[in-house]
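Spelled out from the first residue to the last, the chains are:
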Amino acid sequence: MNKRQVGASYEKLAADYLCAQGYEIITCNFRCRNGEIDLIAREEEYLCFVEVKYRAGTGCGSPLEAVTWHKRQNILKVARYYLMRNGLRMDTPCRFDVVAVCGQEITLIRNAFGE
């Protein structure tokens, strides 16, 4: 499998995991010129923008370490665009979550960053 196929398979795994946690998946791979958000979901009153990171092991660092300041800034820009494009108010309750997949272990970090 190429990198895109591997990423898509782990995003599907993450989406299934989130559904089991009570999330409703709204869209996958939302893209605009500023970047991409892997999953957009709803959990209770929150619109959740979810970054999925996968690592086979920790030799190159944990998946959580891959969500850098720069990556967070891009996700924030894309989230603002998503809200505007879909006619949602900027005060819509939003949250930024990360699903880290390391080997067979899945970790969900709710409200991983917010600005």
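The residue count restarts for each chain, going from 1 along the sequence in the order it is written. Totals for whole chains, interfaces and linings use every residue, but because this is a predicted model, local features are given only for residues with pLDDT of at least 70 and side-chain atom pairs only at 80 or more, for both listing and counting. Just so you know, side-chain values use all the structure's heavy atoms and leave hydrogens and water out.

A. Main features of the sheet that holds strand E5 (residues 105-109). DSSP bridges decide pairing: two strands pair if at least two such bridges lie between them. The secondary structure listing takes helices from DSSP runs of H or I that are at least 4 residues long and strands from runs of E that are at least 2 residues long, numbered from the N terminus. Across the sheet, which stays open at both edges, the 5 strands sit in the order E1-E2-E3-E4-E5 with mixed pairing between neighbours. On the outer flanks of this sheet lie strand E1 (24-32) and E5, each paired with one strand and no other. Across the sheet, the mean angle from the axis of one strand to that of its neighbour is 25 degrees, orientation sign disregarded. Relative to strand E3 (residues 46-55), strand E2 (residues 35-43) is paired through 5 bridges, and the arrangement is antiparallel. Across the sheet, the residue bridging to Ile40 is Phe49, located in E3. Here an axis means a line fitted to C-alpha atoms, over the contact stretch when the element is a helix, while the angle between two N-to-C directions is reported on a 0 to 180 degree scale.

B. Molecular detail of unusual backbone geometry. Positive phi, normally seen in glycine, also occurs at Asn29, with a value near 55 degrees. As for its position among the elements, Asn29 is in strand E1. Three exposure classes are used, based on accessible area relative to the maximum for each residue type with a 1.4 Å probe and protein chains only: buried under 20%, partly exposed in between, and exposed over 50%. Judged by relative accessible area, Asn29 falls into the partly exposed class, the value being 26%. Despite not being glycine, Asn111 has its phi angle at roughly 55 degrees, a positive value.

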